[in-house]
Amino acid sequence: MARVSVTVDGTRYSDEVEPRTLLVQYLRDTLGKTGTLVGCDTTNCGACTVLMDGRSVKSCTVLAVQADGHEVTTIEGLGNGELHPVQQAFHECHALQCGYCTPGMIMSSVDLLSRNPHPDEQQIREGLEGNLCRCTGYQNIVAAVRQAAETSAEVGA
Ligand code: FES
Ligand code: FES
């Protein structure tokens, strides 16, 4: 077993984990952060995307022990009890149908906007290319990110 000490959504945790434990497993199974989803487990879909030290990572591709000493933000840590501007924009732009991709899409969007507060459509599509959606056709997702960029001066996590 290995010890992982990590801050998740503003709370410090310290747990013994198997060295092979994936970050997404640790978040969901140990911490109960089930808002972070597993769509493929093979680094393709992006449903498991979280922020680690402010940058988006696919948490099925990161070992829990690699998060030791770092700060992780999940979809459940955005917004401080209210909808984060990106969540609000997804809601208003109808940027989801089944919603399975949505937590990962939103975390990647937050990362994108923190690096580039005013992306054009091409930059949004490139910024979200690691996140797959089987429902929406992406158009309203792009519109939501544009709206979030326009309505919020500060959308970083
Ligand atoms: Fe991690 Fe699909 S579950 S990329
Ligand atoms: Fe269903 Fe994106 S809303 S996969």
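Shown above is the structure to which this text applies.
Residues numbered from 1 in each chain as written. Chains lettered and ligands numbered in written order. Predicted model: local features only at pLDDT ≥ 70, side-chain atom pairs only at ≥ 80, totals over all residues. Heavy atoms only, no water.

**Student:** Residue-level account of the pattern of salt bridges, with values.
**Tutor:** Per the counting criterion, the structure on display carries seven salt bridges. Across the pair Asp111 and Arg55 runs a salt bridge, and its minimum N-O distance is 2.7 Å. Of the two residues, Asp111 sits in helix H3 (residues 102-115) while Arg55 sits in strand S4 (residues 55-58), which places them 56 residues apart along the sequence. Residue Arg55 is classed as partly exposed on the basis of its relative accessible area of 38%. Here the salt bridges share partners, and the residues they tie into one network are Arg55, Asp111 and Arg115. (Salt bridge = Lys/Arg side-chain N within 4 Å of Asp/Glu carboxyl O. Helix = DSSP H or I, 4+ residues; strand = E, 2+ residues; numbered from the N terminus. Buried < 20%, exposed > 50% of the residue type's maximum accessible area, 1.4 Å probe, protein only.)

**Student:** Residues and numbers for the environment of Val50, please.
**Tutor:** Considering the arrangement of structural elements, one finds Val50 in strand S3 (residues 49-52). A residue is classified by how much of its surface remains accessible, and Val50, at 0% relative accessible area, is buried. Distance in space between the C-alpha atoms of Val50 and Thr7 is 13 Å, their sequence separation being 43 residues. Leaving out residues up to four positions away in the same chain, Val50 has contacts with Leu23, Leu27, Thr36, Arg55, Ser56, Val57, Ser59, Val72, Thr73, Thr74 and Met107. (Contact = heavy atoms within 4.5 Å.)

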